[in-house]
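# Inside the fold
Here is what each chain is made of, one letter per residue.
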Amino acid sequence: MRIATWNVNSVNARLDRLASWLETASPDVVCLQELKCSTEDFPYDRLVAAGYEVAAYGTGRWNGVAVLSRVGLEAVTRGLTDEPHYDDVVEPRAIGVTCGGVRIWSVYVPNGREPGHAHYDYKLRWFEALRATVTEELEHQGTDGSFAVLGDFNVAPQDDDVYDIAEFAESTHVTTPERDALGRLRDTGLADILPRPLKYDQPYTYWDYRGLAFPKNRGMRIDLVYGNESFHSRVRDCYVDREERKGKGASDHAPVVLDTAD
DNA sequence: ATGCCAACCCGGGGTTGA
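My aim in this report is to walk through the structure given alongside it, one point at a time. (Residues numbered from 1 in each chain as written. Chains lettered and ligands numbered in written order. Predicted model: local features only at pLDDT ≥ 70, side-chain atom pairs only at ≥ 80, totals over all residues.)

## A word on the sheet that holds strand β5 (residues 74–78)
Two modes of strand pairing occur in sheets, parallel and antiparallel, and in both the strands are linked by backbone hydrogen bonds. Cut-off, in case you're wondering: A pair of strands is treated as paired once DSSP finds two or more bridges between them. A run of H or I in DSSP counts as a helix once it spans at least four residues, and a run of E counts as a strand once it spans at least two, with each numbered from the N terminus. Throughout, a pair of residues is in contact if the C-beta atoms placed from their backbones lie within 7 Å. Axes here refer to lines fitted to C-alpha atoms; in helices the fit is confined to the stretch in contact. Angles between the N-to-C directions go from 0 to 180 degrees.
Pairing is mixed in the open sheet, where six strands are placed in the order β5-β6-β7-β8-β12-β9. On the outer flanks of this sheet lie β5 and β9 (191–192), each paired with one strand and no other. Pairing geometry for strand β7 (residues 102–108) and strand β8 (residues 146–152), over seven bridges, is parallel. Looking at the pairing, W105 lines up with V149 of β8. Strands β6 (94–99), β7 and β8 of the sheet are contacted by helix α3 (residues 118–141), whose axis makes an angle of about 160 degrees with β8.

## Brief notes about helix α4 (residues 176–186)
Stated precisely, the cut-off is as follows: Any residue whose C-beta has 12 or fewer other C-beta atoms within 10 Å is treated as exposed, any with 20 or more as buried, and any in between as partly exposed, C-beta atoms being built from the backbone. The reported arc concerns the directions from the helix axis to the C-beta atoms and nothing else.
All of the buried residues along α4 are E178, A181, L182 and L185. The arc enclosing the buried residues of α4, seen along the axis, measures out at 100 degrees, which places them on a common side. The exposed residues of α4 that point more than 90 degrees off its buried face are T176 and G183. Summarising the contacts, the buried residues of α4 are in contact with α3 and β12 (223–227).

## Here we look at the sheet that holds strand β13 (residues 235–240)
Judged by pairing direction, the sheet is mixed, and its six strands sit side by side in the order β3-β4-β2-β1-β14-β13 without closing on themselves. Each of the sheet's edge strands pairs with one partner strand only, and the pair in question is β3 (53–57) and β13. Mean inter-strand twist for the sheet, computed between neighbouring axes without regard to direction, equals 10 degrees. With five bridges connecting them, strand β2 (residues 29–33) and strand β4 (residues 65–69) associate as antiparallel partners. Its bridge partner being in β4, L32 is matched across the sheet by A66.

## Digging into the pairing of β4
In terms of burial, β4 is a largely internal element, five of the five residues being buried. Residues V65, V67 and S69 point to one face of β4 and A66 and L68 to the other, with burial holding for every one of them. Bridge count for β3 against β4 is five bridges, and the pairing is antiparallel. In the sheet register, E53 faces β4, and the bridge partner there is S69.

## Digging into α3
Quick reminder of the rule: Between the first and last residue of a helix there are one fewer steps than residues, each counted as 1.5 Å, and that sum is the expected span.
With 24 residues, α3 extends 35 Å between its outermost C-alpha atoms, agreeing within 8% with the 34 Å of an ideal straight helix rising 1.5 Å per residue. Taken residue by residue, α3 has K123, W126, F127, L130, T133 and V134 as its buried positions. Close packing links the buried residues of α3 with β6, β7, β8 and α4. Of the residues flanking the end of α3, it is G142, one or two places downstream, whose phi is positive at about 80 degrees.

What follows is the structure, encoded as structure tokens:
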């Protein structure tokens, strides 16, 4: 089974590229983030015509997650247990589904903006709710089933997951509390499934639109795949499809693709 | 050339992203 995660930075603005990527990459399951559209405005017709079942969850603006699947799509859960709110709103940032016997979550972790900002606190609280929800689900399904959380985590797990750690001295995405939150998520029994880069040394997944960041490979690895042992043991390959970051109308994130046995 | 930010909402400019 081929599973991918991709922050598309507006699913409607990216629709032509998404449809063409589905044809060439031929994934069975795709986790999408940053839809920038409501559940109602999601482009169902085009993606259903491409052969996928769809579960979407969005309200527009800077949120929204979805899963596309052509191997079944069941048991849809929208949102986390006791999900924290920001400005009195619970944003659509997580959706769980079961596809081909694998329990899969597509998540879009809050950005955090800057350390000390209310959004940064929200980010840490959101991570705690994600950890709690994952713990509940893993207890419920037992250790036999395959389970994975994929998405834009907005945290670079290690210093070499950013192009120059010195550039991030005052920034979010690399702070100890954020990395500790990722560590507590791993402690539920999940492993970070590291993709191989198709070029250069590091498997970055995001490059800013500004300042020739992509040609200079000034990137970050913030789109992650966290899977339990049953899932991890089935992984045969995992890579960043950096070709999709090229050209006109690209998202600023590239898809992470993985192939599993059966 | 992988090439100098993009998408949203609103109604030309501000906000957000990471």
